Every structure is written in structure tokens, then in C-alpha cells.
Amino acid sequence: MKPSRPLYEREPELAAAAQAVDALCGAQKAGGLLVFSGEAGIGKTALLGEIQTMAADRCTVWSARGGETVTSVPFHVVRQLLQPALDRFPADEIRALFGDWFDSAAPALGLADPSGPQPDPQGVRDGLDHVVSRLASRLSHRPLLLIVDDAHWADGESLAWLSGFTARLSELPVLVVQAHRPQELADRDADWALARTTERAAAPAHPALIRVALRALTPEATADLVRAGLGDHADDPFCREVWAVTGGNPYEAVELVAKAQDRELAPIEESAGLLRELGAAARGSGLVARLERLGTNANRFAWAAAVLGTEISQELAATLAGMSSAEAADCTARLRDARIVSGFDPMEFVHPLIASAVYRSIPPATRTAMHGRAAWAITQAGLGAAAASRHLLEVHPDDDQELVAQLREAARQHLAVGAPEAARRCLERALDEPPRPDDRAALLYELGCATLLSSPATTVQHLRAALDTPGLDETLRIDATFRLASALSHNNQLKDAALSLAAEASRTAPGPGLMRLQAAHFLWEGMQASEDDGPGRSARLARNADHLKGRDNAERALLTLRAFDAMLRGENAQIVVDFCERALVDGRPARGLGWTDTEWGFELPTMVGITYAFTDRTDRAEQLFSEAVRAFEISGWSGAHLAFAHTLLGLVHRRRGRLAEAEGFLREGLRLADRVGSGLPVHWDAACLLVDTLLARGRTAEARLVADRYAFGPPYPTAMVLPDAPCVRGRLLLAEGRTEEAVAELESAGAALEPRGRFNGVWAPWAGDLARALADSDPVRAAQLATRARVHAERFGTDTAIGEALRCVALFAPAEEAGQLLAESVRHLEASSSAYEHALARFEYGIAISSPQEIARAQKLATACGAEGLANRAQQVRASIRSPE
């Protein structure tokens, strides 16, 4: 790739590159991102070639290039970067390099056939990160340089990966150098724009991001370029005219000098008047005219090459142009001599400007026909529907049912490698064909499924259209309704989700399908933050589920919902756990109800685990949620799903009183969720739990920062939050000394929960916290609240619930009775898995009986579980109490 001519006026750019390469190859092996931008022909490709030459002896260099006609080919640029490097490894080493990411990421690179559930695009990107990181570590003696040219034409999937990968370059011995045209990149979807996301790649110690905008050559540099090509005798007026004709654009200047050589034009003032005509031949219509002069065959072959785009197979180009191999070879030679293409097989256009000009010169009808023929040729070559789909997208609609079938198959292949946007394009184009009326509803259903992981709002639109279109069979109708409800719920439309399920259930005959709809209806009704008749729904659910044995997945789903609802209501915990046990098979989710099974969704095993967590079976909850993390990682579901799994593990550790571990999992859950979007349900759950955990640790100011960053407060989402959000916010306000606001928040929480019959004081501790808030201003009511909370806790029957209720009641009892109540609270909480609450109870018990020994034990417990605030308070109180003799 070393440029055939020297680079002019690129000393600052080369110096920036040399500095970045030196940092990469130095003792610290500092990675980074170097971004060059500039208009077409400004010399970006030549500059990248010089950087590759500069680094070749010190780095391992992988390169790739976007193409105007292949932006719709998913992972096109990523495959160019990684496939050559991976081709040298045997199959077993490749699998070892990918590790658990093999099934999700290897198909995206064409290294394995897809298997397992549809991968999450974020999971595919994480898998690619893992592989590149592993490869970079293997190349520690020669750090890795990735070069991406024409990034403005990179496919969306590759740009999305690069955007995430470049954000962590300061951690890796990897330098990424990319070049793009700024306007073309800005015109792409902002979600893909590299330039928008890479600011955060900078680290304070060594900025990982360097931007350089390339400028046109000055008249002096243009004169040097002219004289290097035509001789030192080129006079100043001639050189000045070259600059005026080309505007100092290096590519156009080099081409103009080459044409002057071809014409044997004397580089003197008398010849300068001919330069404008020669310059026009280097681009646009002039280039087309020059191509036509090469002959009909060469022109047609160049058209075929332009339609195929990049890495052009001579055989495919010959087929597309309708000529023999010998004719194709002759055309390739003529095009090479004319500096239109380089290479033989594969070949490339010498410059993207030439490729664009040739492609746009093809008459529209001919171009469309050639895309159709290219799709046929690619299919005949056995390259598959996905490879042919970029050409099928360019064919005009013509009621071609074979094309509809090809596009649907291409969409399935794109989904299987984690490219839902590519699948969406294929299915939307298939709808335009149009499909047969009998197929339209199924195609709309497939389109809805394609966007389920990437765009809930789009999914809602397509699935509703599918359900409104005649011809959808019963099985697909049920599945479409189930998926529609899931998408609505993730779009914060739980009431609409429940209504959609109820409507479909009313027209569905008895059987497994109806039970699936009913279970989903109970699910999304119960998950609403408010509902008209909570007790009535709970009663209907109990009638439907209490007698079930868990013989099939429909029964297990209803038992799961019954267990979760009973836990929220504070029914006897042993009965609640029995429902959970019936919902599982040998203590694990049944086949079809697992974490990545799509028929029922991950919500059901989640509800089992949450129910265990709030019934003092935290070991069972931790086992389930650890399996969730493993299942999501293996399947590449590392977006919102993995974020939620980490949040759930944070819940388990919070319930156990392992506060530092809980904080770690919850912050990781938020980090993972932040990569996917903002305002997601998992953001609410993770932020709520993190606020609660930080308050338990005594870090009120940090809890407030989290609450403000994630807008944790009213208005609350339509879905319930884990645990009850107003209760946690009330606890935050109390910790901040904003008692009046806290009382109002906790009163509101109780007013919403009590009519629904939700009396679990561990999930929603509003009554206990409100009693403490009112202890001074309204002690009678406060005592009544504490007593009622105790009744509900004893009905629920877990040690945590009873111990916490007793601790609250003790506030309002005479001193001697308070000591007894606190002693009983300590016994219960010691038997529970709630180490933090145990420490609190023991601390208060120690104060009640003036025992430094008990307070010391509380201090030790608080320190062990990460409650620094409580540990410090205990230390201070110990110092103020005189030990009894």
C-alpha cells in the first residue's frame, strides 16, 4: 500500500501518526484512536498507506475499507479486518479464541453456522471485542494496528462495533486509524457515527483520541507534485493552473499530471489552457467518456464491477457482464492500463471516486437489471440469500414471489448472525414486492420479530399490523400477541399489553395457546404499577393456579405468577415457596421456560428467583440468577438481558447484606444498560436497588447522585420497580432529613399498595419507614402502623419480615419490653440471610440494654457486610457507653 508518489504537506498528519504508533509500541503499549477526515480525493487513502508502511515492521496491521454499494452488507468491514487474521488458526484454536462467545460472534464473521437462539446485537459486539482483545494479547510483541478506510461507507453493524470498541482502546494495545468524509458520515444514522461516540475513548493520562482534518494542497505543494511527475522544467504558470483546476485536491492533481503525461503535454504556460479539458476527463462525465473509449466490452465489464462493489470476483463480473473468462481478463487488463481498476482477482477500483462515477453512469433500468442478475449469479454460486440480498434490495417491485421468498430467507440468515437491521431492510422490501395476500400477515409477523431486541416501538407497529391482517394462522396469532405484549411492556405500555392479551384470549379456543395468553395476561396486569382491581385479579389467579401440579409449561407459568403475586401480597411464605417448587423441574426452569427460551420469555424464571429472594431463600435465588448470567453470556444476550441479570444478582446480595458485592453488581448492571439506551425498565430497577444499597452503606450523597443521574423519582414508570420505587425514594428523603417530603412519599406508596393487597414489608417497607418518620410528630399513628406491619409480617412468616417488624414495634414499646422485642428481632434476623438488618437489630438491641459487647458485635457485622455508616455509628456509641461491671 505504499503510495506511488510522495505525500505533500502531510507532515503534521504523519507526525501525529508516528506519535500514536510510538505510544502503541512503547513500554505502556498505549492504544488509541486516530481519525482523519476530509473530502473525496484529499489523500486519506494515501496517508493510511503511508501509516501502514511506517508501522509494518513494528505492528501487526489489519485493514478494511467501506464501499458505497455495500453499506447494507452486515459485518462487511469487520470481516475484512478479522477474517484474514483468523484464517491462519485451526478450527479448535478459533473456538478457544472465542470461548463462550463462539456461538454468538463466530457466525457474524462467517466462521461458523448459526446455532441456538437469535443473538442480541450487543452480544455479538461484545464477542467481537473479546476476540480482538484475545488476539491483541497474543500479539503482545507486535501490538495491533487496525486501519479502516472510507469509514463513512462502512456497514452499520461494523460501525456500531467500532463505536463501542474504540471507547475502550485506552485499556488495550490496539491503535485504530480510520478515515472518512465528514459530510457522508454525518449523513449516516447518528447511532452509527464513529465521530459522535469516540470522545469518551480518551483517558486522562494519554488522550486516546486524535482528530486530524486534511486540507487541500497549497499552490507550492501542487507545483512540487507537478514537477515530480513532469520534470523540473514545468513552469510556474502551468503549475498554478494545475492547482486552479484541481483546487489543490491531491487525487485530481495526480490524475491530471498523469493525463498530461499520456498526452505528452509540455508543462509550460502555452499548454495550461488545455488543463481544464483534461481535468474534466478525470471525473464525472469526462471519466465516463474515457471509459467508453475503451470499448463496449470494457465499459460493460466496468459496469458489472461497479455493481458488485468491492473485492470484485472476476468470474462473477464476467457472468454479470455476459462474457467469457478470456474476455473478462482482457477487459481487466485494459481497465488496469487506464488506471480505473487495480488487481486481477479480486480487483478493486483505483479510487472510490471512480467507482462512484462508473456506478452512477449506468442507466437506471440497466443498473436495476444488473442487480437482479447479480443476485441470481451469487445465488447460483452457492453464496446464499444473505449475500444476494443487497442486490435484491435494488430490484424494482414486480410481484415476484420468488424474490419475496429469497428476501425472507435472507432476513432469517441476517437475524441468525445478529443483524436485525439488515433483516428489517429485507422484510420491508419484501412487503413492497408485494407478497401474496396469504403471506402478508406472516411476513409482518416476521418483521415484528426481527425488531424485537432492537426497537420495541417498531415491533409494536408491525405485530399489530400482522394481527389486523387476515391470514395469520392460530399459532402465529398467539405468538404474535405474546410478543406484542412483551414489546408494549418494554415500551412502558403495560396496560395496552394486558388489553391486547385479553382481547386475543377472548377469541381463542381452550388449550395450551389460551393458557399461554392467560398467563401472559396475569403477568402484565400484575406488573402494572397501578391497576383497577388487584385483589380481584389475585383471586382469579389463585383459582386458576392453586390446584395445578406443574405438569406442563402452561401450568408452571401460572404457578410462577401465583408465587410472585402471593409473595407481593405477603401470603404465607412456605406456601409461596411451594408454588415456586411446583413451577420448577428438579429445582431449575423447565425446558421451554429457560432464560433464553422465547416462547414464554425470561420474565418467568426471573419472577421465581425474585420470589425466592424475598422469601429468605437467597441461595436458590442466587443459583437461578447466576444461571441467567451464564445463559445470556453464552447466547450473546449481553444488552438489557445481561444488565438485568446483574441487577438481579445485586438484589440477592442486597438481601443477604453483602452490600459491597451488591453495589458492584448493580453498577455493572447500569453500565451494561447504559450501552443499550436510556430510561429502560432495567435502569429503574438497578437505580432503585443501588440507591437502597448505598443508603444501607451510609452513603446518602452517592445515593442522591444515582437518583439524579437516572431521574429516579416521579413520574414513575407504568411497570412496578424492584423493589417498590416510592418506598425507596421515601427512604432516601428520610436519610437526607427531608422528613415532610418523605412522609408524603411513603403515604402515597401505602395508598397505592394497600388497596391491591400488597402487604410484603420487605418488598415495600413503607409502613415501617413511615412509622419511624412519624415517631415524634404523631407517635400514636406511628405505633399503629408498626403494629399492623407486624401482623402482616407474622402472616408472611419469614425471619427477615418478622425481625424487621419487631425492630420497628420496639420503637414504641416501654424500655423493658423494647429490649425483649429487639432480642427477639435479633434471633429472627440472625436466622435469616439478611446480615445488614441483623447488624441493625443487634446495634439497636445493644443500645436498648446499654451493652458495649452487643454494639461491638453489631459493629463487626456491619463492617463485614459493607455498612460503613452503621459501623461508624456503632463505634461512636460504644465509646459513649460505660461497660457494666
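Scoring rules and cut-offs
- Residues numbered from 1 in each chain as written.
- Predicted model: local features only at pLDDT ≥ 70, side-chain atom pairs only at ≥ 80, totals over all residues.
- Heavy atoms only, no water.
- Helix = DSSP H or I, 4+ residues; strand = E, 2+ residues; numbered from the N terminus.
- Buried < 20%, exposed > 50% of the residue type's maximum accessible area, 1.4 Å probe, protein only.
- Contact = heavy atoms within 4.5 Å.
- Areas by Shrake-Rupley, 256 points an atom, 1.4 Å probe, with all protein chains shown as cover.
- pLDDT = per-residue confidence, 0-100.
- Polar contact = N/O pair within 3.5 Å; in protein donor to acceptor, adjacent residues only side chain to side chain.
- Pairing = 2+ DSSP bridges.
- Disulfide = S-S within 2.5 Å.
- Salt bridge = Lys/Arg side-chain N within 4 Å of Asp/Glu carboxyl O.
- Axes fitted to C-alpha atoms, helices over the stretch in contact; angles between N-to-C directions.
- Parallel < 35°, antiparallel > 145°, perpendicular 65-115°, else oblique.
- Left-handed = near helix turned anticlockwise from the far one by under 90°.
- Nonpolar A, V, L, I, M, F, W, Y, C, P; charged D, E, K, R; others polar.
- Core = buried A, V, L, I, M, F, W, Y, C linked by side-chain atoms within 4.5 Å.
- Phe/Tyr/Trp six-rings, centres within 6.5 Å; stacked < 30°, edge-to-face > 60°.
- Lys NZ or Arg CZ within 6 Å of the ring centre and 35° of its normal.

Student: How do you make sense of the overall build of the chain when you look at a structure like this?
Tutor: A tally of helices and strands in the chain yields 45 helices and seven strands. Expressed as lengths along the three principal axes of its C-alpha atoms, the size of the chain is roughly 115 × 70 × 50 Å. Here the chain holds 885 residues, and the buried ones make up 58% of them. Of all intrachain contacts in the chain linking residues separated by at least 6 positions in sequence, the fraction that spans at least 24 positions is 68%. Of the roughly 35500 Å² of accessible surface on the chain, 51% is carried by carbon and sulfur atoms.

Student: I'm lost on the confidence of the model for the chain in this one. Help?
Tutor: Caution applies to low-pLDDT parts of the model: their predicted coordinates are not meant to be read in detail. Looking at the chain as a whole, its pLDDT mean stands at 91, while 96% of the residues score no less than 70. Counting contacts from residues 190-207, a segment whose pLDDT is below 50, to residues more than four positions away or on other chains yields 38 contacts.

Student: Which parts of the structure should I look at to understand the environment of Glu571?
Tutor: The residue Glu571 is located in the loop between α29 (553-569) and α30 (573-583) in this model. Separated by 189 residues in the primary sequence, Glu571 and Asn760 place their C-alpha atoms 8.2 Å from one another. A polar contact is formed between the side chain of Glu571 and the side chain of Arg569, at a distance of 3.3 Å.

Student: When you look at the pairing of strand β2 (residues 60-65) in this model, what are you seeing that I'm missing?
Tutor: Here is the key point about a regular strand: its side chains alternate between the two faces of the sheet. Along β2, the buried face is formed by Thr60, Trp62 and Ala64; none of Val61, Ser63 and Arg65, which line the opposite face, is buried. Across six bridges, the pairing between β2 and strand β3 (residues 144-149) is parallel. Bridge pairing links Ala64 to Val148 in β3.

Student: It is not clear to me how the state of the cysteines should be interpreted in this structure. Could you clarify?
Tutor: Disulfides are covalent bonds that connect the sulfur atoms of two cysteines. Applying the stated criterion to the full structure yields zero disulfides. Here Cys688 stays free of any disulfide, with the sulfur of Cys727 as its closest cysteine sulfur at 8.8 Å. A residue is classified by how much of its surface remains accessible, and Cys688, at 0% relative accessible area, is buried.

Student: Sorry, what's going on with the pattern of salt bridges here?
Tutor: Any two side chains of opposite charge can pair, on the condition that their charged atoms come close. Throughout the structure, instances matching the rule amount to 68 salt bridges. Across the pair Arg276 and Glu241 runs a salt bridge, and its minimum N-O distance is 3.4 Å. Highlighted residues: Arg276 in helix α13 (residues 275-280) and Glu241 in helix α11 (residues 236-246), separated in sequence by 35 residues. Measuring nitrogen to oxygen at the nearest pair gives 2.9 Å for the salt bridge that ties Arg334 to Asp330. In this pair, Arg334 and Asp330 are both assigned in helix α17 (residues 325-337), four residues apart and thus about one turn of the helix distant. A single salt-bridge network, built from bridges that share partners, covers Arg654, Arg655, Asp692, Arg731, Asp769, Arg772 and Glu837.

Student: Is there a simple way to explain the packing of helix α43 (residues 835-848) against helix α44 (residues 852-865) in this structure?
Tutor: How two helices sit against one another is set out by the angle between their axes and by the gap between those axes. Close contact between α43 and α44 brings their axes to 8 Å; oriented N to C, the two are set at 160°. Here α43 is positioned roughly antiparallel relative to α44, judged by the angle of their axes. In the crossing of α43 with α44, the sense of the turn from one axis to the other is left-handed. Contact residues: α43 offers Ala835, Tyr836, His838, Ala839, Arg842, Phe843, Tyr845, Gly846 and Ile847, while α44 offers Glu854, Ile855, Arg857, Ala858, Leu861, Ala862 and Cys865. Class assignment of the residues belonging to the contact of α43 with α44 gives a composition of eleven nonpolar, two polar and three charged.

Student: Please explain the sheet that holds strand β5 (residues 209-213) as it appears in this structure.
Tutor: Adjacent strands of a sheet pair through backbone hydrogen bonds, lying either parallel or antiparallel. Pairing is parallel across the open sheet formed by five strands, whose spatial order is β2-β3-β4-β1-β5. Two strands bound the open sheet, and with one partner strand each, they are β2 and β5. On average, each strand axis in the sheet is inclined to that of its neighbour by 15°, with strand direction left out of account. Two elements, strand β1 (residues 32-37) and strand β4 (residues 174-180), share six bridges in a ladder whose sense is parallel. Within the sheet, the bridge partner assigned to Leu33 lies in β4 and is Val176. Where helix α3 (residues 76-86) meets the sheet, it contacts β2 and β3, and its direction lies at approximately 150° from that of β2.

Student: Can you help me understand the environment of Arg293 in this one?
Tutor: Mapped onto the secondary structure, Arg293 falls in the loop between α14 (284-292) and α15 (296-308). In this structure, the C-alpha to C-alpha distance between Arg293 and Leu225, residues 68 residues apart in sequence, is 28 Å.

Student: Explain the nonpolar core here, please?
Tutor: Side chains of a nonpolar character, in soluble globular proteins, are inclined to be buried together. The biggest cluster of nonpolar side chains holds 192 residues, and the ones touching the most others in it are Phe349, Ile610, Trp763 and Trp766. In contact with Phe349, other than residues within four places in its own chain, are Ala302, Ala305, Ala306, Gly309, Ile312, Ile340, Val341, Ile354, Ala355 and Val358. Counting 45 residues, the second-largest nonpolar core is a separate cluster that includes Phe102, Ala136, Ala151 and Trp161.

Student: Before we go on, may I ask you to explain the packing of aromatic side chains in this structure?
Tutor: Here the distance between the centres and the angle between the planes together describe a pair of aromatic rings. Tallying each qualifying case throughout the model produces twelve aromatic pairs. Note on Phe98 and Phe102: the rings are 5.7 Å apart at their centroids and 90° apart in plane angle, and the pair reads as edge-to-face. Of the two residues, Phe98 and Phe102, both sit in the buried class. Between Phe632 and Trp637 the ring centres are 6.0 Å apart and the planes differ by 15°, which places this aromatic pair in the stacked class. Relative accessible area serves as the criterion here: at 2%, Phe632 is assigned to the buried category. Among the aromatic residues, those joined into a ring-pair cluster are Trp595, Phe602, Phe625, Phe632, Trp637 and Phe644. Against the face of Phe482 rests Arg516, its NZ or CZ located 4.2 Å from the ring centre.

Student: Would you take a moment to explain the environment of Leu81 for this structure?
Tutor: Inspection of the secondary structure puts Leu81 in helix α3. Given a relative accessible area of 1%, Leu81 falls into the buried group. Separated by 66 residues in sequence, Leu81 and Ile147 have C-alpha atoms that sit 8.2 Å apart. Dropping the residues within four chain positions of it, Leu81 is found in contact with Trp62, Ser63, Ala64, Leu146, Ile147, Val148 and Trp161.

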